[in-house]
Amino acid sequence: SRDLSFIGMFTCVVALGCAGDSPSTPAADNVEVDPTSTQDAEGSEEPDVLEPLGPRVERYDFSLRPEVGDVRAGVIEATDALLAGPKSEGRLGDIRIDNHHVAFVVEGVRRASGYSYWGGNVTDVSLYLEDDSLMPDQFGELLFGWNLDLFKPESVEIIDDGRTSGGAHVRFVGRTYPFAFTESFIGGLLNLDHPQLALTYDYELGPEDTELRLTITLHNDGVR
């Protein structure tokens, strides 16, 4: 058995060059999160959305642009907190992180669309414009793989919603899990072992940042 820990960091920079009218704001408000059940790859029931850990805090009104110097993170509980645009894939129950300059949506602990399959990844990105509206979301998807495995989050915790240290901090904890899509057509060719790693994703945003920082911690707590 080997015990190996690794910490890596990258910075996801918002650099949108799109133009156009600001996205329209949905009319519905104060829509509560309504978790539903879905079948996972093994056929067992698992919740579509898990409530983030930690104490409940006063909700932010994400329909309003943060003031200069403010930063916030919270659960999306109303449709007007979702980012609009041709690539928008956020849902109620996801996590929104933003400041006066930029806004991000990170998928919650749920089944996700696209190739990522599970949540915990950035799915929507936008910039605030001078008129306080948000630029339409043009961001596709971002995911990391280890051999033919992906990150499958098991919990999410809002470490700091922006009111404690002056910065927003959201943590996802989970494990690597087989990526069935790639396994189906190249798994036999590559013959790679599944690494079985424990992972932690830490998303952080400061009040004046124009990029969302993601620190990934990998820990090999298995026998490989």
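As shown above, the structure is provided for reference.
Residues numbered from 1 in each chain as written. Predicted model: local features only at pLDDT ≥ 70, side-chain atom pairs only at ≥ 80, totals over all residues. Heavy atoms only, no water.

1. As for the packing of aromatic side chains
- If you walk through the whole model with that rule in mind, you get 6 aromatic pairs.
- Residues Tyr117 and Trp118 carry aromatic rings whose centres are separated by 4.8 Å and whose planes lie at 85° to one another, so their mutual orientation is edge-to-face.
- Classification of Tyr117 by relative accessible area gives partly exposed; the value is 28%.
- Geometrically, the ring pair formed by Phe172 and Tyr203 is edge-to-face, given 6.0 Å between the ring centres and 85° between the ring planes. Here Tyr203 lies in strand 11 (residues 198-205) and Phe172 lies in strand 10 (residues 168-178), a separation of 31 residues in the sequence.
- The class of Tyr203 is buried, set by a relative accessible area of 2%.
- Over the ring of Tyr60 we find Arg163, and its NZ or CZ is 4.2 Å from the ring centre. (Phe/Tyr/Trp six-rings, centres within 6.5 Å; stacked < 30°, edge-to-face > 60°. Buried < 20%, exposed > 50% of the residue type's maximum accessible area, 1.4 Å probe, protein only. Helix = DSSP H or I, 4+ residues; strand = E, 2+ residues; numbered from the N terminus. Lys NZ or Arg CZ within 6 Å of the ring centre and 35° of its normal.)

2. Here we look at the sheet that holds strand 4 (residues 71-75)
- Spatially, 4-5-6-7 is the arrangement adopted by the 4 strands of the open sheet, whose pairing is antiparallel. Pairing within the sheet leaves two strands with one partner each, and these edge strands are strand 4 and strand 7 (122-127). This sheet shows a mean twist of 15° between the axes of neighbouring strands, independent of strand direction.
- With 4 bridges connecting them, strand 5 (residues 95-99) and strand 6 (residues 102-106) associate as antiparallel partners. By the bridge assignment for strand 6, Ile95 is matched with Val106. (Pairing = 2+ DSSP bridges. Axes fitted to C-alpha atoms, helices over the stretch in contact; angles between N-to-C directions.)

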